[in-house]
Amino acid sequence: MAPESSNVDPQEIHRFGAMSGGWWDPRGQFKGLHDINPVRLAYVKERAGLAGRTVLDVGCGGGLLAEAMARQAALVTGIDMAPEALAAARQHAADAGVSVDYRQATAERWAQRYSGAYDIVTCMELVEHVPDPAALVAACARLARPGGSLFFATVNRTPLAYLLVILAAEYLLRIVHKGTHQYHKLVRPEELTYWGHEAGLTLADLSGLRYNPFGGHTRLCRSTQMNYLIYFNNHRATPSRTS
Ligand code: SAH
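Conventions adopted
- Residues numbered from 1 in each chain as written.
- Predicted model: local features only at pLDDT ≥ 70, side-chain atom pairs only at ≥ 80, totals over all residues.
- Heavy atoms only, no water.
- Pairing = 2+ DSSP bridges.
- Helix = DSSP H or I, 4+ residues; strand = E, 2+ residues; numbered from the N terminus.
- Axes fitted to C-alpha atoms, helices over the stretch in contact; angles between N-to-C directions.
- Contact = heavy atoms within 4.5 Å.
- Near = heavy atom within 4 Å.
- Areas by Shrake-Rupley, 256 points an atom, 1.4 Å probe, with all protein chains shown as cover.
- Buried < 20%, exposed > 50% of the residue type's maximum accessible area, 1.4 Å probe, protein only.
- Right-handed = clockwise from strand over helix to strand, strands pointing away.
- Salt bridge = Lys/Arg side-chain N within 4 Å of Asp/Glu carboxyl O.
- Core = buried A, V, L, I, M, F, W, Y, C linked by side-chain atoms within 4.5 Å.
- Parallel < 35°, antiparallel > 145°, perpendicular 65-115°, else oblique.
- Left-handed = near helix turned anticlockwise from the far one by under 90°.
- Nonpolar A, V, L, I, M, F, W, Y, C, P; charged D, E, K, R; others polar.
- Phe/Tyr/Trp six-rings, centres within 6.5 Å; stacked < 30°, edge-to-face > 60°.
- Lys NZ or Arg CZ within 6 Å of the ring centre and 35° of its normal.

1. Regarding the sheet that holds strand β6 (residues 201–211)
Spatial ordering of the open sheet is given by β3-β2-β1-β4-β5-β8-β6-β7, a layout of eight strands whose pairing is mixed. Looking at the sheet topology across the chains shown, the edges are occupied by β3 (101–104) and β7 (218–221). Between one strand axis and the next, the sheet turns through 20° on average, direction left out of account. Pairing between strand β4 (residues 118–124) and strand β5 (residues 144–155): six bridges, direction parallel. Within the sheet, the bridge partner assigned to Thr122 lies in β5 and is Phe151. Along the sheet, helix α8 (residues 189–198) contacts β5, β6 and β8 (227–234); its crossing angle with β8, the most-contacted strand, is approximately 15°.

2. As for the site of the ligand
The environment of the ligand is formed by 18 residues, the closest being Asn7, Arg40, Gly59, Asp80 and Met124. Summarising the interface, the protein chains cover 99% of the accessible area of the ligand, which totals 570 Å² for the free molecule. Looking at the shell around the ligand, the elements with two or more residues in it are α1 (10–18) and α2 (31–48).

3. Let's talk about the pairing of strand β1 (residues 54–58)
Most of β1 sits inside the fold, with four of its five residues counted as buried. Both β1 and strand β2 (residues 75–80) contribute to a ladder of five bridges, which runs parallel. Within the sheet, the bridge partner assigned to Thr54 lies in β2 and is Leu75. Between β1 and its parallel partner β2, the chain crosses via helix α3 (residues 64–70), and the hand of that crossover is right-handed. Summarising the sheet, β1 and β4 pair through three bridges and their orientation is parallel. The residue of β4 that forms the bridge with Asp57 is Thr122.

4. Some words on the pattern of salt bridges
In total, this model carries 10 salt bridges according to the counting rule given. Residues Lys31 and Asp35 are paired through a salt bridge, measuring 2.7 Å at the closest nitrogen-oxygen approach. Pair noted here: Lys31 and Asp35 are both in helix α2, with a separation of four residues, about one helical turn. Ionic pairing is found between Arg145 and Asp119, a salt bridge with its closest N-O pair at 2.6 Å. In this pair, Arg145 is assigned in strand β5 and Asp119 in strand β4, connecting sequence segments 26 residues apart. Classification of Arg145 by relative accessible area gives partly exposed; the value is 30%. A relative accessible area of 16% means that Asp119 is categorised as buried. Ionic contacts of the salt-bridge type, sharing partners, join the residues Asp9, Glu12, Arg15 and Lys185 into one network.

5. Structural notes on the nonpolar core
If you look at the biggest cluster of nonpolar residues, it comprises 33 residues, and the most contacted ones within it are Leu50, Met69, Val76, Tyr102 and Phe151. Elements that contribute at least two residues to this core include exactly α2, α3, α4 (83–96), β4, β5, β6 and β8. Not counting residues within four places of it along the chain, the set of residues in contact with Tyr102 comprises Cys60, Gly63, Ala66, Glu67, Gly78, Leu86, Ala89, Arg90 and Ala93. Within the second largest apolar cluster, 30 residues are counted, among which are Ala107, Leu126, Val127 and Phe232.

6. Observations regarding the packing of helix α6 (residues 133–143) against α8
Contact geometry of α6 with α8 gives a least axis separation of 9 Å together with a crossing angle of 50°. Here α6 is positioned oblique relative to α8, judged by the angle of their axes. Once α6 is placed against α8, the crossing between them reads as right-handed. Every residue of α8 that contacts α6 at Pro133, Ala134 and Val137 is listed here: Leu192, Trp195 and Gly196. Of the residues in the contact of α6 with α8, the class split is five nonpolar, one polar and no charged.

7. A closer look at the packing of aromatic side chains
Within this structure, the stated rule accounts for six aromatic pairs. Between Tyr43 and Phe151, the ring centres sit 5.8 Å apart and the planes meet at 80°, which makes this aromatic pair edge-to-face. Of this pair, Tyr43 sits in helix α2 while Phe151 sits in strand β5, and the two are 108 residues apart along the sequence. A centroid spacing of 5.9 Å and a plane angle of 80° characterise the contact between Phe152 and Phe232, whose relative ring orientation is edge-to-face. With Phe152 in strand β5 and Phe232 in strand β8, this pair connects stretches of sequence that are 80 residues apart. Given a relative accessible area of 1%, Phe152 falls into the buried group. Among the aromatic residues, those joined into a cluster by ring pairs are Tyr43, Phe151 and Tyr231. In this structure, Arg15 is placed above the aromatic ring of Phe16, and the distance from its NZ or CZ to the ring centre is 5.2 Å.

Here's what the structure looks like:
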């Protein structure tokens, strides 16, 4: 397992940092995230509620989900390792008059100070970008309060996902920046579920996300062959120790 401070791939941070001018362009390099954001938001809101909840958004990027959750009256903190992404997020929130606390940190580092602090932890489209995804899941688990909720979203490691999420979305349609996803780093739902269990979490729901990259239409579905969302409960009686 990677040491806590090293669960960061500098190339990933550099790449996301370099794209940061486009975070809030709904037709730009993050079009895919814009398209799926309302479904992600509804998924969290329907299962855990948002108004008045303390939420940590891990790997918040430009703040697409963090800001949307804050608009639902959640008390949101967003952490990310790319300073440029955080700057874009802060600027957009300020312009929109929405309050989100954006900080530069990894989940592992944040968990050293805020163990058990959050009603809800969201971690969307990040597990496929870190060297040790199991350690990331464990850190997210430490951050949720006993009885709290955790949400992960990512792309499955299947031939269909390779075809549609990488080849079509990145190379053909250019709605996801070229090189964003590396096939071998994609994560299967069984792997994510196993890491969650190892971290003391209970699987509450696993849903597929059907995204039509041509029209942008998105909805939940049964098949987890491409994008999917996972909802865990943290049933631990006490916050686990940070190691
Ligand atoms: N969660 C956002 C952004 C996903 S893109 C959304 O779905 O809208 C992935 C983000 O994770 C990028 O902004 C990148 O800078 C960040 N990131 C990559 N590795 C990280 C790490 N180890 N810790 C925190 N953030 C990280």
